[in-house]
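Commentary on secondary and tertiary structure
Chain by chain, the residues run as shown.
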Amino acid sequence: MASDKPTKEAVEQAFAKADKDENGKLTLSEFKACFEEVFNDGEGLGPDAIINMMMSGFDADGDNMVSLDELLKVIGDKKIDEKLMFKTMIKGADKDGNGFLSAAEFKPILEALMDGEDDDEDGPPIEFFMNMADSNGDQKLSVQELLNLFTGEAEEKDPKEEMKSMFRLYDTDADGMISKKEILGFMKMMGMVDEDDSRADMRMIVNMFMAGSDEDGDGKLNYEEFCNLMDKPE
């Protein structure tokens, strides 16, 4: 999507052109046509799921249509940044209106953004992205946490909070321990091991990763052991 924001006049003209029944409101198909006319960058708006979520974000009065006033509140003069669009999309996905997205509400956004990519059954699960974005570990995502994930503009964190976030990426079952299976799963997602590696090779890589860190010898890493591992010089 283009980064230059169109003039108010251009938005008004595109709205009038898309408003086929001249009722002053845009249906989903009219909304899509209006946006494509406004930005006209040849890229389109992307998957229908994203368009639906964007429209929900613009639709302030909840009538499932978008008026010119609602459109101009988000698209006016001068510049547009991607943060505004993501906020709109997030608002549309927040079905219960509590200001946070659960895993169930976040999943359609993730699927929409990944639409058209090669399907990979071994690709990162929804929990991985939830843990990546969930900076405070409350199992739900705020608008700011999602913006940090999508725009790459993370807020400065205390080093301890950074370590907790990293721990959660490995600890996919959230039991407070990192098993060898979870370490291997993380390594596969990050491309640190190959699918054609033998089981023996994979076990050796995981054991090397844990070497000297599993202080109590239970075959898992607790948070303190994980921190000690991460703090080791390379």
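Residues numbered from 1 in each chain as written. Predicted model: local features only at pLDDT ≥ 70, side-chain atom pairs only at ≥ 80, totals over all residues. Heavy atoms only, no water.

Looking at the environment of Gln139
- For Gln139, the location among the structural elements is in the loop between α7 (126-133) and β4 (141-142).
- Gln139 sits in the partly exposed class, given a relative accessible area of 48%.
- Sequence spacing of Gln139 and Ala174 is 35 residues, and the spatial spacing of their C-alpha atoms is 10.0 Å.
- Each residue touching Gln139, except ones within four places of it in the same chain, is listed here: Met130, Asn131 and Asp134. (Helix = DSSP H or I, 4+ residues; strand = E, 2+ residues; numbered from the N terminus. Buried < 20%, exposed > 50% of the residue type's maximum accessible area, 1.4 Å probe, protein only. Contact = heavy atoms within 4.5 Å.)

Let's talk about the nonpolar core
- Counting residues in each nonpolar core, the largest one holds 35 residues, and the members touching the most others are Leu101, Phe106, Ile109, Tyr170, Ile178, Ile183 and Phe209.
- Listing elements by their share of this core, those giving two or more residues are α5 (82-93), α6 (103-113), α7, α8 (143-151), α9 (159-170), α10 (180-189), α11 (199-210) and α12 (223-231).
- Broken down by element, the residue count for this core peaks at five residues, all from α7.
- Here Ile109 is in contact with Met53, Met89, Ile90, Ala93, Leu101 and Phe150, once residues within four sequence places are set aside.
- Residues Val11, Leu26, Met55 and Phe58 belong to the second largest nonpolar core, which totals 18 residues. (Core = buried A, V, L, I, M, F, W, Y, C linked by side-chain atoms within 4.5 Å.)

With respect to α10
- Burial in α10 covers these residues: Glu182, Ile183, Leu184, Phe186 and Met187.
- In this structure, the buried side of α10 is in contact with α7, α9, β5 (178-179), α11 and β6 (220-221).
- Gly191 sits one or two positions beyond α10 and adopts a positive phi of about 75°.

Some details on the packing of α7 against α9
- For the pair α7 and α9, interaxial distance at closest approach is 8 Å and the crossing angle is 175°. Relative to α9, the element α7 lies roughly antiparallel. Residues Phe128, Asn131 and Met132 of α7 form the contact with α9, whose participating residues are Ser165, Arg168 and Leu169.
- Residue composition of the contact of α7 with α9, by class: three nonpolar, two polar and one charged. (Axes fitted to C-alpha atoms, helices over the stretch in contact; angles between N-to-C directions. Parallel < 35°, antiparallel > 145°, perpendicular 65-115°, else oblique. Nonpolar A, V, L, I, M, F, W, Y, C, P; charged D, E, K, R; others polar.)

Things to note about the packing of aromatic side chains
- For the structure on display, the rule yields eight aromatic pairs.
- Consider the rings of Phe167 and Tyr223, whose centres lie 5.4 Å apart with planes at 85°: the pair is edge-to-face. Taken as a pair, Phe167 in helix α9 and Tyr223 in helix α12 lie far apart in primary sequence, 56 residues in all.
- According to the relative accessible area criterion, Phe167 is buried, its value standing at 7%. (Phe/Tyr/Trp six-rings, centres within 6.5 Å; stacked < 30°, edge-to-face > 60°.)

Quick look at α12
- Among the residues of α12, those classed as buried are Glu225, Phe226, Cys227 and Leu229.
- Buried residues along α12 sit against α9, β5, α11 and β6.
- Between the side-chain oxygen at the start of α12 and the backbone nitrogen of Glu224 there is a gap of 3.1 Å, and the oxygen is on Asn222. (Polar contact = N/O pair within 3.5 Å; in protein donor to acceptor, adjacent residues only side chain to side chain.)

Quick look at the pattern of salt bridges
- Taken as a whole and assessed by the stated rule, the structure comprises three salt bridges.
- Note that Glu37 is salt-bridged to Lys17, the shortest N-O span being 3.3 Å. Of this pair, Glu37 sits in helix α2 (residues 28-39) while Lys17 sits in helix α1 (residues 8-18), and the two are 20 residues apart along the sequence.
- Glu37 gets classed as partly exposed once you look at its relative accessible area, which sits at 39%.
- Residue Lys25 is joined to Asp61 by a salt bridge in which the shortest nitrogen-to-oxygen separation is 3.2 Å. You can see Lys25 sitting in strand β1 (residues 25-26) and its partner Asp61 sitting in the loop between α3 (48-58) and β2 (66-67), a full 36 residues away along the chain.
- Sharing partners across several salt bridges, the network here consists of Lys25, Asp61 and Asp63. (Salt bridge = Lys/Arg side-chain N within 4 Å of Asp/Glu carboxyl O.)

Describing a negative patch on the surface
- Where like charges cluster on the molecular surface, the negative patch consists of Glu215, Asp216, Asp218 and Glu224.
- In this structure, Asp216 sits in the loop between α11 and β6.
- Residue class for Asp216 comes out partly exposed when judged on its relative accessible area of 46%. (Patch = residues over 30% accessible without salt bridge, like charges linked within 9 Å, V, L, I, M, F, W, Y side chains within 5 Å. Areas by Shrake-Rupley, 256 points an atom, 1.4 Å probe, with all protein chains shown as cover. Lys, Arg positive; Asp, Glu negative; His and termini not counted. Charge placed at Lys NZ, Arg CZ, Asp CG, Glu CD.)

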